[in-house]
Amino acid sequence: MADLPIRILHEATKIEPFIVLHKPAGLASAPLKEGDESAYTQAAARYPALNAVSGRKAVEHGLVHRIDTATEGIVLIAASQDFYAHILAAQEEGKFIKTYWAQCHHQGKQALQGFPPPPAAVKINSWREGTVSVCSRFRPYGAKGREVRPVVESSGRAALNKAVDCTYTTEVELRPLSDDSYTATCTIRKGYRHQVRCHLAWIGFPIIGDKVYNADVQDRDEGVQFKATEISFPDLYSDKILHYRID
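Residues numbered from 1 in each chain as written. Predicted model: local features only at pLDDT ≥ 70, side-chain atom pairs only at ≥ 80, totals over all residues. Heavy atoms only, no water.

A.B. asks: Could you give an account of the overall build of the protein, naming the residues involved and the relevant values?
C.D. replies: Within the protein, the secondary structure is distributed over four helices and 11 strands. Since a compact globule built from 247 residues should have a radius of gyration of about 18 Å, the 18 Å found for the protein is in line with a globular shape. For the protein, the C-alpha atoms occupy an extent of roughly 50 × 35 × 35 Å along the three principal directions. Per-residue burial over the protein gives 51% buried out of 247 residues. Within the protein, counting contacts between residues at least 6 apart in sequence, those at least 24 apart form 62% of the total. Element-wise, carbon and sulfur atoms account for 50% of the exposed surface of the protein, whose accessible area totals about 12,300 Å². For the protein, the separation between the mean place of its 30 positive charges and that of its 29 negative charges on side chains is 5 Å. (Helix = DSSP H or I, 4+ residues; strand = E, 2+ residues; numbered from the N terminus. Rg over C-alpha atoms; globule rule 2.2 N^0.38 Å. Buried < 20%, exposed > 50% of the residue type's maximum accessible area, 1.4 Å probe, protein only. Contact = heavy atoms within 4.5 Å. Areas by Shrake-Rupley, 256 points an atom, 1.4 Å probe, with all protein chains shown as cover. Lys, Arg positive; Asp, Glu negative; His and termini not counted. Charge placed at Lys NZ, Arg CZ, Asp CG, Glu CD.)

This is how it looks when you write it as structure tokens:
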């Protein structure tokens, strides 16, 4: 665990009973079983009281904002049962806002299977800069459902039957770095597995280094250019909105 240490951004207190930490790329957010190497396990070793919180998965306790193992960024852990219930309610109400940064390349056509045509607001061959709302349902895709694909009303019956009921929205702001390289700032209020990565690939801007959603990566190990950079959510005991950010 010492090889990939977490950095604590906020320690739990009585009035702010949660941990905010900075997770390095390559470290899992959550253990698969008790004691597995993970950001949660490292946090609980420092703050054993975290293990008293009961969550949706027993082994994850109060972990409420997780990110992929390959992704660097902010993770949130509830340190009390009251805060855990509070932040789940905030998620349902769209008040837990998460922001991600990515470096992408512009793709002239969709290179992966299973994607519907991109949204009407995005022309995959010409849309290069600006802000767009990307909305879809999702369905599992590929071997053992390890990937996801967007589902829209024009998708086929098989895709619609496999899709989750909820629609998920990613607000994407693109800024050019060069002719085919862009930074993307992506904001979500309600999240689905791989949502931002999949939505960026869908509109023709796959993340550099993303082996799952960028067909040009193939087997090269260049590191995924993707970070969970910011979270904001309502305070448990006041009307304040709390913000945490990394560069």
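Now that the structure has been shown, we can carry on.
A.B. asks: Can you explain unusual backbone geometry? Please cite residues and give values.
C.D. replies: With the exception of glycine, most residues fall at negative phi, and the peptide bonds are largely trans. Residue histidine 61 is not a glycine yet carries a positive backbone phi of 50°. As for its placement among the helices and strands, histidine 61 is situated in the loop between α1 (39-46) and β3 (63-65). With relative accessibility at 11%, the residue histidine 61 sits in the buried group. Of note, lysine 144 is a non-glycine position whose phi angle comes to about 55°, a positive value. Residue class for lysine 144 comes out exposed when judged on its relative accessible area of 77%.

A.B. asks: If you had to explain the pattern of salt bridges to someone new, which residues and values would you point to?
C.D. replies: Inspection of every chain in the model, using the stated rule, returns eight salt bridges. The shortest N-O distance in the salt bridge between glutamate 93 and lysine 95 comes to 3.3 Å. For glutamate 93, a relative accessible area of 52% gives the class exposed. Judged by its relative accessible area of 45%, lysine 95 falls in the partly exposed class. For the salt bridge of arginine 149 with glutamate 147, the shortest nitrogen-to-oxygen distance reads 3.0 Å. One salt-bridge network, held together by shared partners, links Asp68, Arg197 and Asp210. (Salt bridge = Lys/Arg side-chain N within 4 Å of Asp/Glu carboxyl O.)

A.B. asks: Got a sec to walk through the packing of aromatic side chains? Specific residues and values, please.
C.D. replies: For the coordinates displayed, the defined rule picks out 11 aromatic pairs. Here the aromatic rings of phenylalanine 138 and tyrosine 192 are separated by 5.2 Å at their centres, their planes lie at 5°, and the arrangement is stacked. One end of the pair, phenylalanine 138, is in strand β6 (residues 130-141); the other, tyrosine 192, is in the loop between β9 (181-188) and α4 (195-202), with 54 residues separating them in the sequence. Its relative accessible area of 22% is what places tyrosine 192 among the partly exposed residues. Every member of this aromatic cluster is reached through a ring pair, and the members are Phe18, Phe83, Phe96, Phe233 and Tyr244. When the ring centre of phenylalanine 96 is taken as reference, the NZ or CZ atom of lysine 98 above it lies at 4.8 Å. (Phe/Tyr/Trp six-rings, centres within 6.5 Å; stacked < 30°, edge-to-face > 60°. Lys NZ or Arg CZ within 6 Å of the ring centre and 35° of its normal.)

A.B. asks: So what's going on with helix α2 (residues 81-92)? Which residues, and what values?
C.D. replies: Taking 1.5 Å of rise per residue, the 12 residues of α2 would be expected to cover 16 Å, and the 17 Å separating its terminal C-alpha atoms lies within 8% of that figure. Taken together, the buried positions of α2 are occupied by Phe83, Tyr84, His86, Ile87, Leu88, Ala90 and Gln91. Positioned one or two residues after α2, glycine 94 has a phi angle of 75°, which is positive. (Expected span 1.5 Å × (residues − 1).)

A.B. asks: Would you mind going over the nonpolar core in detail, with residue names and values included?
C.D. replies: General note: in soluble globular proteins, nonpolar side chains tend to be found buried as a group. Among the nonpolar cores identified, the biggest contains 44 residues, and Leu21, Ile77, Tyr100, Val172, Ala184 and Leu200 are the most heavily contacted of them. Of the residues forming this core, the biggest block, five residues, is contributed by α4. Once you skip the residues sitting within four places of it in the chain, alanine 184 turns out to touch Tyr100, Trp101, Ala102, Cys104, Val172, Glu173, Leu174 and Leu200. Counting 19 residues, the second largest nonpolar core, distinct from the first, contains Phe18, Phe83, Tyr84 and Leu236. (Core = buried A, V, L, I, M, F, W, Y, C linked by side-chain atoms within 4.5 Å.)

A.B. asks: I'd like a rundown of the pairing of strand β10 (residues 226-234), residues and numbers included.
C.D. replies: With seven of nine residues buried, β10 is to be regarded as a mostly interior element. Pairing of strand β5 (residues 97-105) with β10 involves six bridges; the strand directions are antiparallel. Along β10, the bridge assignment pairs threonine 99 with glutamate 230. Taken together, the five bridges between β10 and strand β11 (residues 241-245) define a ladder with antiparallel strand orientation. Residue pairing for β11: serine 232 is matched across the bridge by histidine 243. In this antiparallel pair of consecutive strands, β10 and β11, the connection spans six residues. (Pairing = 2+ DSSP bridges.)

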